[in-house]
Amino acid sequence: MKPVSTPPGQTVEARCVRLAAKAENPASLAPVVETRALSRAENELLIEVKAAAVNPSDVKAATGLMSYAVFPRTPGRDYAGVVIDGPAGSIGREVFGSSGDLGIRRDGTHATHLVVEADAVVEKPKSISWEEAAGIGVPFVTAMEGLRRAGIPKAGETVLVMGVNGKVGQAAVQIASWHGARVIGVVRKDELYEGHANSKVEIINASVTDVAARVREFTDGKGADIVFNTVGDPYFQAAHKSLALRGRQILIAAVDRIVQFNILEFYRGQHTYVGIDTLGLSSVATGAVLRELGPGFASGHLKPFPIKPAAIYPLEQAKAAFIAVAGSSRDRVILRPV
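Residues numbered from 1 in each chain as written. Predicted model: local features only at pLDDT ≥ 70, side-chain atom pairs only at ≥ 80, totals over all residues. Heavy atoms only, no water.

S.K.: Lay out the overall build of the protein in plain terms, naming residues and giving numbers.
M.R.: Along its length, the protein carries nine helices and 15 strands. At 20 Å, the protein has a C-alpha radius of gyration in line with the 20 Å of a compact globule built from 338 residues. For the protein, the proportion of its 338 residues judged to be buried stands at 52%. Of the contacts made within the protein by residues no fewer than 6 positions apart, 70% connect residues no fewer than 24 positions apart. With the model as given, the accessible surface of the protein reaches about 14,700 Å², and the carbon-plus-sulfur share is 53%. (Helix = DSSP H or I, 4+ residues; strand = E, 2+ residues; numbered from the N terminus. Rg over C-alpha atoms; globule rule 2.2 N^0.38 Å. Buried < 20%, exposed > 50% of the residue type's maximum accessible area, 1.4 Å probe, protein only. Contact = heavy atoms within 4.5 Å. Areas by Shrake-Rupley, 256 points an atom, 1.4 Å probe, with all protein chains shown as cover.)

Here you go:
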């Protein structure tokens, strides 16, 4: 159905998931669905949300692990939907997006409607479903921002992805192989790579193999030009020892905050460490990163994560969705407002 054109500043009654206060743990979360009046300001869009993802960061913010998260609020960073009110020419656009502040510092996407800056949204490819578009956000933005900051890999370079079957790991594989890089993935048990890639992904099982030694074997002693470490300190030393001369290690997570750091090896290897925190990106900055990925999705070199029907929840089952994510589900968990 074609969206109805609405006058600027129209107020809608949105159904929103609300968190009144931080929970001690995911099991004690008590989200409720409330009705709230929403309207846009100048240069903003009012979006009817068709689907919204639940990310690990949503769970962390809900359980007090982010001191700057505000309460009460509507959670949610990723979304896809239709513009129902906005500047001239915007009504009816099918869009998707993500953010570092939505759902954390201000009301987010786990609702029937969302207000966001006009420059924050990205056109949804026609070939991608609402749920798939909503699932792109945080993993692909994190992967792209890491590779952009470290230097987009070139054809012939080697990218080592630690935690390759996680969603950020899979996004990193897609982007690196799109640009012609050779990709090696690291897993913690005997398993194959589960995601899409544009070339063969060689796998190292860290539970039975010395990762750095194996990387050197794969690369004739050179090492990896980029190590995308999605796990953090458990793989820090293996990542460090896998780096080629002038290699770059991208870090996005930590279990323990302190690691042993050999400064001599670091500067003699002329290495670079790149820290990525997408929570520091505004909605507009996040939209700019997603737009860089647009040609890849249009060409088919990048593909959204498949969404399983069992991983789609209504707003009223937001707690179950959060618990699924907290339980380290590999499925991309989605809320469908209607």
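Once you've had a look at it, read on.
S.K.: Now, about the side chain of H113: what can you tell me, with residues and values included?
M.R.: Examined against the element boundaries, H113 turns out to sit in strand β6 (residues 113–117). Residue classification places H113 among the buried residues on the basis of a relative accessible area of 13%. Excluding residues that lie within four positions of it along the chain, H113 makes contacts with V12, A14, L38, L46, I47, E48, V49 and I84.

S.K.: Summarise the pattern of salt bridges; cite the residues concerned and give the values.
M.R.: For the coordinates displayed, the defined rule picks out 21 salt bridges. The salt bridge partner of D85 is R40, with a shortest N-O separation of 3.2 Å. Of the two residues, D85 is situated in strand β4 (residues 79–85) and R40 in the loop between β2 (32–38) and β3 (44–53); the sequence distance between them amounts to 45 residues. The same class applies to D85 as to R40, namely buried. Among the charged side chains, a salt-bridge network with shared partners connects R18, E34 and D107. (Salt bridge = Lys/Arg side-chain N within 4 Å of Asp/Glu carboxyl O.)

S.K.: If you had to explain the side chain of S177 to someone new, which residues and values would you point to?
M.R.: Tracing the backbone shows S177 in helix α4 (residues 167–178). Relative accessible area serves as the criterion here: at 7%, S177 is assigned to the buried category. One polar contact links the side chain of S177 to the main-chain carbonyl oxygen of V173, over a distance of 2.8 Å. Each residue touching S177, except ones within four places of it in the same chain, is listed here: V183, A197, N198 and S199. (Polar contact = N/O pair within 3.5 Å; in protein donor to acceptor, adjacent residues only side chain to side chain.)

S.K.: Run through the packing of aromatic side chains, naming residues and quoting values.
M.R.: The tally for this structure, following the rule as stated, stands at six aromatic pairs. Look at F140 and F305: their rings are 5.3 Å apart centre to centre, the planes differ by 40 degrees, and that puts the pair in the tilted class. Within this pair, whereas F140 is found in helix α3 (residues 137–150), its partner F305 is found in the loop between α8 (283–299) and β14 (312–313), the two being separated by 165 residues in sequence. No difference in accessibility class separates F140 from F305, as the two residues are buried. Taken together, a centroid distance of 5.2 Å and an interplanar angle of 55 degrees make the contact between F261 and F266 tilted. A relative accessible area of 37% means that F261 is categorised as partly exposed. Residue F266 is classed as partly exposed on the basis of its relative accessible area of 23%. Taken together through their ring pairs, the aromatic side chains of F236, F261, F266 and Y273 make up a single cluster. It is R73 that lies over the ring of F71; its NZ or CZ is 4.7 Å from the centre. The ring of F305 carries K167 above its face, with NZ or CZ at 5.5 Å from the centroid. (Phe/Tyr/Trp six-rings, centres within 6.5 Å; stacked < 30°, edge-to-face > 60°. Lys NZ or Arg CZ within 6 Å of the ring centre and 35° of its normal.)

S.K.: Any details on a nonpolar patch on the surface? Residues and values, ideally.
M.R.: Side chains of V259, F261, I263, L264 and Y267 sit close together on the surface and give an oily, nonpolar patch of about 450 Å² of accessible area. With respect to the helices and strands, V259 occurs in the loop between β12 (243–251) and α7 (263–268). (Patch = residues over 30% accessible without salt bridge, like charges linked within 9 Å, V, L, I, M, F, W, Y side chains within 5 Å.)

S.K.: Describe the sheet that holds strand β8 (residues 158–162), listing the residues and the values that go with them.
M.R.: Read across the sheet, six strands follow the order β10-β9-β8-β11-β12-β13 without closing on themselves; strand pairing throughout is parallel. Either end of the sheet is taken by a strand with one partner, and the two such strands are β10 (201–205) and β13 (272–275). Neighbour to neighbour, the strand axes of the sheet diverge by 20 degrees on average, direction disregarded. Across five bridges, the pairing between strand β9 (residues 182–187) and β10 is parallel. Counted as the bridge partner of V187 is N205 from β10. Each of β8, β9, β10, β11 (224–229) and β12 touches helix α5 (residues 211–218); the most contacted strand, β10, lies at about 150 degrees to it. (Pairing = 2+ DSSP bridges. Axes fitted to C-alpha atoms, helices over the stretch in contact; angles between N-to-C directions.)

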